[in-house]
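So the chains spell out like this:
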Amino acid sequence: MHSACSISACVRSAARPVPDLSLPSPRVMDPSALPATRISIADPVAPLYAYLRAHQPPEHPALRALREATKRLPEHFMQIAPEQGHLMALLLGLLGTRRVLELGTFTGYSALAVALALPADGRVVTCDVNEAWLELDRHHWVLAGVADRIEARLGPSARTLSSLESQGAAGTFDAALVDADEEGCDAYYEAALRLVRVGGLVMLDSTLRLDRVIEPGAVDDGTVAICTLNAVLAADERVDRAT
């Protein structure tokens, strides 16, 4: 089973006044206000999702092999869906992207999808805290012939971001994908805005948190952080955004 493909994307705009983004506690939508029939695209046997998958472009063989290898892990549900990889590759190609930052590598599917979409001189800087996952990543990146385009850093996202900023990398990335621990998503978003150039793209994964954002009483730290960030994004005039 693949996780639901929920991405918020925003384009960093030229300098604008920084709005007051102080917000009250995030509001949780009453599910009774939603339509009675809802289709979950997280379920691969749902007819609509099956139709979507059947009409996707072919998955690159290296991506398919990595997805199959990831299925054997207990955390396989954390991997992005193939259609999400296609969407990211399309967006990055339209931007003429050469330099991408990723927070949260997992087994490297998204990093590989991005690297395959980049030109030969492109570069992905990605980080994760799990060394075993990174070893699996590297194996498949080598098989795909793009290992030289991917720089994997072992350690927390906050440390990688701090290191990049101290090295003068602000404004040097064309795009960023934030897919690390939800509890830190607000700080990761702000750092991504500093590191991505004006006109660049910031993509935020898991912004619906498998529907938990509309569950009454969902008070776990990750869901609260995502709800707060979604409210910030809706009001953030520093970027042009879509969810």
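Bear in mind the structure is a predicted one, so any value in this text is a computation, not a measurement. (Residues numbered from 1 in each chain as written. Predicted model: local features only at pLDDT ≥ 70, side-chain atom pairs only at ≥ 80, totals over all residues. Heavy atoms only, no water.)

S.K.: Please set out the pattern of salt bridges residue by residue, giving values where relevant.
M.R.: One pass over the full model with this rule turns up 13 salt bridges. Two residues, E151 and R153, come together in a salt bridge whose shortest N-O distance is 2.8 Å. Between R238 and D236 there is a salt bridge, and its shortest N-O distance comes to 2.8 Å. Classification of R238 by relative accessible area gives buried; the value is 17%. When its relative accessible area of 0% is taken as the criterion, D236 is described as buried. (Salt bridge = Lys/Arg side-chain N within 4 Å of Asp/Glu carboxyl O. Buried < 20%, exposed > 50% of the residue type's maximum accessible area, 1.4 Å probe, protein only.)

S.K.: Outline helix α3 (residues 82–95), listing residues and values.
M.R.: Here α3 is 14 residues long and its end C-alpha atoms lie 20 Å apart, about the 20 Å a rise of 1.5 Å per residue gives. Within α3, burial applies to P82, E83, Q84, G85, M88 and L92. Remark: G96 follows α3 within two positions and exhibits a positive phi of approximately 65°. (Helix = DSSP H or I, 4+ residues; strand = E, 2+ residues; numbered from the N terminus. Expected span 1.5 Å × (residues − 1).)

S.K.: How would you explain the packing of aromatic side chains if you had to name every residue and give the values?
M.R.: Counted according to the given criterion, the structure contains one aromatic pair. When the ring of F106 is compared with that of W133, the centres are 4.7 Å apart and the planes differ by 85°; the resulting orientation is edge-to-face. Of this pair, F106 sits in the loop between β2 (99–103) and α4 (109–117) while W133 sits in helix α5 (residues 131–144), and the two are 27 residues apart along the sequence. With relative accessibility at 7%, the residue F106 sits in the buried group. You can call W133 buried: its relative accessible area is 14%. (Phe/Tyr/Trp six-rings, centres within 6.5 Å; stacked < 30°, edge-to-face > 60°.)

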